Amino acid sequence: MATTTADAPAGERRAGRGAGPRKIRRARRGPSAARRRQALAAWLFALPFMLVFAFFMLVPLVSSFVMSFTDFRSTDAQTPFAVDFVGLQQYADLFGDAQFRKSMVNTAIVVVVGIPLTMAVALALAVALNNGITRLRTMFRVGFYTPVVTSIVAVAVVWRFILQPDGLLNTMLGWIGITGPDWLHSTTWALPSLIVMTAWRTMGTLMIIFLAGLQNVPGELHEAAIMDGASPWQRFRRITLPLLRPTLLLGAVMLSVAYLQFFEEAFVMTSGGPLDSTLSVSYFTFNQFGFGKYGYASAASYVLFTVIAALSLLQFRLLRPKD
C-alpha cells in the first residue's frame, strides 16, 4: 500500500520541505552565474575593439569638439594647454566667412541635385534589371557596379579625357554643331560636371540595394493588380514604391552622408576651383587643417556633422514605413 505524505514520518516531511527551497535557490543562482560568465566573456572579446575605438576614435572626437571652442593652431602643438578658450566665436567667424558660405552653397547644390539624380537613375536601372533585361543580366550588374570599386584616380583620368576642351564629350557635341565649354575650368559647368561624375560613380551601390528591395516585392500583388486592369505605372506607384520605402530610406541616408562629405572628386579633378565653384565644406575643412587652423577646422567639421545628423533625422521622418 502506497505511503502518502500525511503518513510519512515527521522528519521526512521536514527534510522534504527543506530540500525544495534549496533546490529552487540553486536553480536560480545557476543561470544567473552562467549569464554573468557569458557577459564577462563577451566583454573580454570586445575589449580589444573598444580600446582601439576609444584611442583612435573617441579620444580624437572629444578632443576635436573641445578644440572647436579654442583658438588652437599648429603653432600651439607644443603647448596645447596654453590656448585660449573663445567659446562660440569660432562658429560666428565661420558663418561670417564668405568662403565657408560659398562651400555650404556648393555642398547644398550637390545634395539637392545629386541625391534625386542618383536615386532616380539607380532605381530605373534596378527596375530594368529586375523586369526588362533578361539576357546578360549579370554582366549588366557587374558593369554598373564597377565604378564603385574603381579608384578615384583612374576615374579622374577617364573623366578628364571626356571633359577636356577637345575631349570625347565636346567632340560628340561638335558632330551636331554644338561647341562645348571647357567643363572643368568653367565656373558655370565645373560643379554640374562633378555632380554627374559622382552620380555615375555612386549609382552602382544603390542599384544593387534597390534590386534587392524589388526582388522582395511579392509577385502576387502585381498579378492581382494586372487582373484588376492596373497599368505598369500604376503598379509601380501604388505597389512597388510603397513597399520600397525602407530601401529608399537606406539609399537616401547613405547618399546624404556621402554627398555632404563631397571631397574626393573636387580634390582630384578641380582642386576646388575655378574660383571656389567646386569647393565643398569637407574641402574647406581640409584646407583649414592644412593652414594650421585646427580650432577653426574643428568648428567647420562639427557644423557639417550637425547638418548630416539633422538631414538624416528628417529623412527618417519622411521615408519611414507607414503603419
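Residues numbered from 1 in each chain as written. Predicted model: local features only at pLDDT ≥ 70, side-chain atom pairs only at ≥ 80, totals over all residues. Heavy atoms only, no water.

(A) Looking closely at the overall build of the chain. Each helix and strand counted, the chain has 13 helices and zero strands in total. Per-residue burial over the chain gives 33% buried out of 323 residues. The long-range fraction of contacts in the chain, counting pairs at least 24 apart against all pairs at least 6 apart in sequence, stands at 68%. (Helix = DSSP H or I, 4+ residues; strand = E, 2+ residues; numbered from the N terminus. Buried < 20%, exposed > 50% of the residue type's maximum accessible area, 1.4 Å probe, protein only. Contact = heavy atoms within 4.5 Å.)

(B) Local environment of the side chain of Ser64. You can see Ser64 is positioned in helix α1 (residues 10-67). On the accessibility criterion, Ser64 (17% relative accessible area) is buried. Aside from chain neighbours lying at most four places away, what touches Ser64 is Ser298 and Tyr302.

(C) Region of interest: the packing of aromatic side chains. Under the criterion given, the structure shown has 21 aromatic pairs. A centroid spacing of 5.8 Å and a plane angle of 85° characterise the contact between Phe95 and Phe100, whose relative ring orientation is edge-to-face. For Phe95, a relative accessible area of 42% gives the class partly exposed. Note on Phe263 and Tyr283: the rings are 5.4 Å apart at their centroids and 70° apart in plane angle, and the pair reads as edge-to-face. One end of the pair, Phe263, is in the loop between α10 (245-260) and α11 (264-269); the other, Tyr283, is in helix α12 (residues 281-290), and 20 residues separate them in sequence. (Phe/Tyr/Trp six-rings, centres within 6.5 Å; stacked < 30°, edge-to-face > 60°.)

(D) Just the nonpolar core, in detail. Of all hydrophobic cores here, the largest spans 54 residues; its most connected members are Leu94, Met119 and Phe210. Looking at this core, the element that brings in the most residues is helix α7 (residues 190-215), giving 12 residues. In this structure Met119 touches Leu206, Phe210, Leu248, Ala252 and Leu255, once residues within four positions along its chain are discounted. (Core = buried A, V, L, I, M, F, W, Y, C linked by side-chain atoms within 4.5 Å.)

(E) Local environment of the environment of Ile208. Structurally, the position occupied by Ile208 is in helix α7. As for Ile208 and Ala126, which are separated by 82 residues in sequence, their C-alpha atoms are 7.1 Å apart.

(F) A look at the confidence of the model for the chain. Here the chain averages 83 in pLDDT, and 88% of its residues register 70 or above. Taken element by element, the predicted model of the chain shows its lowest mean pLDDT in α1 (73) and its highest in α12 (92). Predicted confidence is poor over residues 1-6, with pLDDT under 50, and the contacts of this stretch with residues over four places away or in other chains come to three contacts. (pLDDT = per-residue confidence, 0-100.)

(G) Structural view of the packing of α12 against helix α13 (residues 294-319). Between α12 and α13, the shortest axis-to-axis distance is 8 Å and the interhelical angle comes to 165°. It follows from the interaxial angle that α12 and α13 lie roughly antiparallel. Crossing angle aside, the handedness with which α12 passes α13 is left-handed. Contact residues: α12 offers Val281, Ser282, Phe284, Thr285, Gln288 and Phe289, while α13 offers Tyr294, Tyr296, Ala297, Ser298, Ala300, Ser301 and Leu304. Taken together, the residues that form the contact of α12 with α13 break down as eight nonpolar, five polar and no charged. (Axes fitted to C-alpha atoms, helices over the stretch in contact; angles between N-to-C directions. Parallel < 35°, antiparallel > 145°, perpendicular 65-115°, else oblique. Left-handed = near helix turned anticlockwise from the far one by under 90°. Nonpolar A, V, L, I, M, F, W, Y, C, P; charged D, E, K, R; others polar.)

(H) Just the pattern of salt bridges, in detail. For the structure shown, the criterion picks out two salt bridges. Of the charged contacts in the structure, one is a salt bridge between Arg201 and Glu264, with a shortest N-O distance of 3.9 Å. Placement of Arg201 in helix α7 and of Glu264 in helix α11 is noted, with a sequence separation of 63 residues between them. By relative accessible area, Arg201 is classed as buried at 14%. Overall, Glu264 belongs to the partly exposed group, its relative accessible area being 40%. What emerges from the salt-bridge pattern is a single network uniting Arg201, Glu264 and Glu265. (Salt bridge = Lys/Arg side-chain N within 4 Å of Asp/Glu carboxyl O.)

(I) Seen up close, the side chain of Ser277. Relative to the assigned elements, Ser277 resides in the loop between α11 and α12. A residue is classified by how much of its surface remains accessible, and Ser277, at 5% relative accessible area, is buried. A polar contact is formed between the side chain of Ser277 and the backbone oxygen of Pro274, at a distance of 2.8 Å. If we ignore the near neighbours within four places in the chain, the residues touching Ser277 are Lys102, Asn106, Ser186, Thr187, Ala190, Leu191 and Gly272. (Polar contact = N/O pair within 3.5 Å; in protein donor to acceptor, adjacent residues only side chain to side chain.)

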